[in-house]
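Chain by chain, the residues:
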Amino acid sequence: MCASDTDAKLLRTFIADENEAFADRRQGKFWPANHHRIGPLATKVSGLLDPNEQIDFYFHFMRIAGGAPSVGDKDMPLLLEAYRWMLPFLDLGGVIPMSRRHKLLFVFGFDDTGALPSGETISAKALKVRLKLIAQVGNYTTMPAQRDKKAKFIPFADEAVRILEVFRHLGYRHDRRYGEDLYDVTNLSFWGMVFICLLNKATRGELVADMIEGKYDLMRRVEQLAMLHRYVETVLPDIEPDEERFRSLAGQLKDIELARRNATESVALAQRLGLPFDDDEDWEIHIAVPLRGTEGHPLIAKNVVRLQIRPNPDWEWELNARIAERGEFSESEKKTYRNDLGLPILGCGNLHAFPTWLRQVREKKGYGFRHRRRRHSCGPQAGGSQAYRRMAGELNADRSRSPPTPYRSAEASS
């Protein structure tokens, strides 16, 4: 059997397996073990399959691989037909793989509710250009990584108008499968496209206004505005003097985020202690309280209580305790994740009561965490040593109400 026959058999096996699986709304079994062989053939199927088989292949490949293959002009009508087949299924939930609506709308220029003003993609050349953008926004695993590579996104700024059309067409909702509870608010392809839109002078003010002025019903609006603020801060140094509207909108976003931040119990505690942090400073406090007899630095000890505090409305604090061979305890302001040790719950709104919680752990549970020997550290900022001393003083504040203990003298280090 020649190589082309082997390749054709591989593709037909994939199609047959996915036809059967899709009818049952489940994942096929052939793709996971053979994707590395199928993927390279996606741009060569015209010489291996008949037109109807090509449509079948494109339908399943786009659905599972998450995007369209780059094809020649001769095969564009077949690819477009496969996309039309997909449209009724784009919002299927559950375990079945399916491409995301916003990416396909950008690539093809239309969906089941109409076409973009910039038009449908009908040429292989335009398809290739748009697939490069989709590849760019998919190259990163975190939002900070995207923002750190601003120069990599700038070459795509000419596509910002089309991206804005996509967002407005979809009402800024890239995924219609789920409600607020399961909506993928951190979708990196969406935020990569937002980033590109912010890098174009003609579209950045329009996008920010759309998102903050209530024109669209944003899913998990508060979180989205916080994320938008971070991307806006990244492009602010590059805006031109005449962009007064965008500068004003950026100021509104900053005020919204500062109000959220100042409403956190982590900021309330820092203010109560008089810690020398600026209003918009990105600080962290780490406190480590080791179990009596634990050797080594408390910040890396195995048997220890650790508290991490940040002025982040979406992640204010996390409290962890670990005792080898007994288990772990883990809690944040949102919920308790694990409590093998049967420790009392600190609870949302009670961050200031951490010293009292430590005393309860010692007195009621009998775990000898060294109440008078701790390590404190803060992120880089002016006045860090003051922060250490004041936090240490607060942690020792209730010691006068506790029975004398044989622990060693207090020790804190930066």
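Quantities reported herein were computed from a predicted structural model and do not represent experimental measurements.

Draft legend 1. Fine view of the overall build of the protein chain. Across its full length, the protein chain holds 16 helices and eight strands. Looking at the protein chain residue by residue over its 414 residues, the buried ones come to 51%. Contacts spanning at least 24 positions in sequence make up 62% of the contacts within the protein chain whose residues lie at least 6 apart.

Draft legend 2. How the structure looks around the pairing of strand β7 (residues 336-339). In this sheet, β7 lies alongside strand β6 (residues 327-332) in antiparallel orientation, the contact comprising three bridges. Bridge pairing in β7 links Ser330 to Arg338. A loop of three residues connects β6 with β7, the two strands running antiparallel in sequence.

Draft legend 3. Structural view of the packing of helix α9 (residues 160-170) against helix α11 (residues 201-212). Packing of α9 against α11 brings their axes to within 10 Å, and their N-to-C directions diverge by 15°. Viewed along their axes, α9 and α11 adopt a mutual orientation that is roughly parallel. Pair α9 / α11 crosses with left-handed handedness. Seen from α9, the contacting residues are Ala160, Val161, Leu164, Phe167 and Arg168; seen from α11, they are Thr203, Glu206, Leu207 and Asp210. In terms of residue class, the contact of α9 with α11 is made up of five nonpolar, one polar and three charged.

Draft legend 4. Local environment of the environment of Gly342. Relative to the elements of secondary structure, Gly342 occurs in the loop between β7 and α15 (354-365). Judged by its relative accessible area of 38%, Gly342 is partly exposed. Along the sequence, Gly342 and Phe329 sit 13 residues apart, while their C-alpha atoms lie 7.9 Å from each other.

Draft legend 5. Local environment of the packing of aromatic side chains. As enumerated under the stated definition, the model contains 22 aromatic pairs in all. The ring of Phe22 carries the charged tip of Arg25 above its face, separated from the ring centre by 4.5 Å. Sitting over the face of the ring of Trp315, Arg310 holds its NZ or CZ atom 3.9 Å from the ring centroid.

Draft legend 6. Here's a closer look at helix α3 (residues 51-65). Taking 1.5 Å per residue as the helical rise, α3 with its 15 residues ought to reach 21 Å, and the 20 Å between its terminal C-alpha atoms agrees with that figure. Taken across its 15 residues, α3 has eleven buried, putting it largely inside the fold. Residues of α3 that are buried include every one of Glu53, Gln54, Ile55, Phe57, Tyr58, Phe59, His60, Phe61, Met62, Arg63 and Ile64, and no others. Two or three places before Asn52, at the start of α3, stands the capping residue Asp50, its side-chain oxygen 3.1 Å from that residue's backbone nitrogen. Trailing α3 by a residue or two, Gly66 shows a phi angle of about 90°, which is positive.

Draft legend 7. Region of interest: unusual backbone geometry. The backbone phi angle of Tyr172 is positive, close to 60°, even though this residue is not glycine. Among the secondary structure elements, Tyr172 is positioned in the loop between α9 and α10 (188-198). A relative accessible area of 1% means that Tyr172 is categorised as buried. If you check the backbone angles, Glu325 has positive phi at about 75° while not being a glycine. Here Glu325 is to be found in the loop between β5 (315-323) and β6.

Draft legend 8. Spotlight on the nonpolar core. Ranked by internal contacts, the top residues of the largest apolar core, which has 89 residues, are Phe57, Phe108, Leu198, Leu207, Val208 and Leu228. Broken down by element, this core gets its largest block of residues, nine residues, from α10. Each residue touching Leu198, except ones within four places of it in the same chain, is listed here: Arg204, Leu207, Val208, Leu228, Tyr231, Val232, Val235 and Phe246.

Draft legend 9. Spotlight on the packing of α9 against α10. In contact at an axis separation of 9 Å, α9 and α10 are set at 130° when each is read in the N-to-C sense. Compared by their axis directions, α9 and α10 come out oblique. Between α9 and α10 lies a crossing of left-handed hand. Along the contact surface, α9 presents Ala160, Ile163, Leu164 and Phe167, while α10 presents Phe190, Met193, Val194, Ile196 and Cys197. Within the contact of α9 with α10, the residues separate by chemical class into nine nonpolar, no polar and no charged.

Draft legend 10. Representation of the pattern of salt bridges within the structure. Evaluation of the coordinates by the stated rule reveals 27 salt bridges. Taking the shortest distance from any N to any O, the salt bridge between Arg26 and Asp24 comes out at 3.6 Å. Classification of Asp24 by relative accessible area gives exposed; the value is 52%. As a salt-bridge pair, Glu328 and Arg322 come within 3.8 Å of each other at their nearest N and O atoms. Residue class for Glu328 comes out partly exposed when judged on its relative accessible area of 33%. Residue classification places Arg322 among the partly exposed residues on the basis of a relative accessible area of 32%. Among the ionic contacts, a cluster of salt bridges with common partners joins Arg168, Glu206, Asp210, Lys215 and Arg245.

Draft legend 11. Focus on the pairing of strand β4 (residues 304-312). Bridging between strand β3 (residues 285-290) and β4 involves six bridges; their strand directions are antiparallel. Bridge pairing in β4 links Ile285 to Ile309. Sheet topology note: the β4/β5 ladder contains seven bridges and is antiparallel. Bridge pairing in β5 links Arg306 to Asn320. Between β4 and β5, which pair antiparallel and follow one another directly, the connecting turn spans two residues.

Definitions and cut-offs
Residue indices begin from 1 for each chain and proceed along its sequence in written order. A pLDDT threshold of at least 70 governs which residues receive local features in this predicted model, and a stricter bar of 80 or more applies before side-chain atom pairs are shown or counted, although totals over entire chains, interfaces and linings include all residues. Derived side-chain values reflect all non-hydrogen atoms in the structure, with water molecules and hydrogen atoms excluded from consideration. Secondary structure elements are taken from DSSP: a helix is a run of H or I of four residues or more, a strand is a run of E of two residues or more, and numbering for both begins at the N terminus. Classification of residues uses two cut-offs on accessible area relative to the type maximum, computed with a 1.4 Å probe and protein chains only: under 20% is buried, over 50% is exposed, and between them is partly exposed. Contacts are assigned to residue pairs with any non-hydrogen atoms lying within 4.5 Å of each other. In this scheme, strands are said to pair when DSSP sees at least two bridges between them. Between N-to-C directions, angles span 0 to 180 degrees; the directions come from axes that are lines fitted to C-alpha atoms, helices contributing only their stretch in contact. Our angle categories are set so that under 35 degrees counts as roughly parallel, over 145 as roughly antiparallel, 65 to 115 as roughly perpendicular, and the remainder as oblique. What makes a crossing left-handed is the near helix being turned counterclockwise from the far one by less than a right angle; a clockwise turn instead makes it right-handed. Side-chain classes are defined by residue name, with Ala, Val, Leu, Ile, Met, Phe, Trp, Tyr, Cys and Pro counting as nonpolar, Asp, Glu, Lys and Arg as charged, and the others, Gly among them, as polar. Any two rings among Phe, Tyr and Trp, with Trp reduced to its six-membered ring, count as a pair given centres within 6.5 Å; such a pair is stacked if its planes are under 30 degrees apart, edge-to-face if over 60, and tilted if neither. By definition, being over a ring means that NZ of Lys or CZ of Arg is both within 6 Å of the ring centre and within 35 degrees of the ring normal. Given the number of residues in a helix, its expected span is that number minus one, multiplied by 1.5 Å. We define a polar contact as two N or O atoms separated by no more than 3.5 Å, with the added condition that, inside protein, one atom must be a possible hydrogen donor and the other a possible acceptor, whereas residues neighbouring each other in sequence contribute only through side-chain atom pairs. Joining through side-chain atoms within 4.5 Å is the link that ties buried Ala, Val, Leu, Ile, Met, Phe, Trp, Tyr and Cys residues into a set, and such a set is a nonpolar core. Salt bridge, as used here, is a side-chain nitrogen of Lys or Arg placed within 4 Å of a carboxyl oxygen of Asp or Glu.

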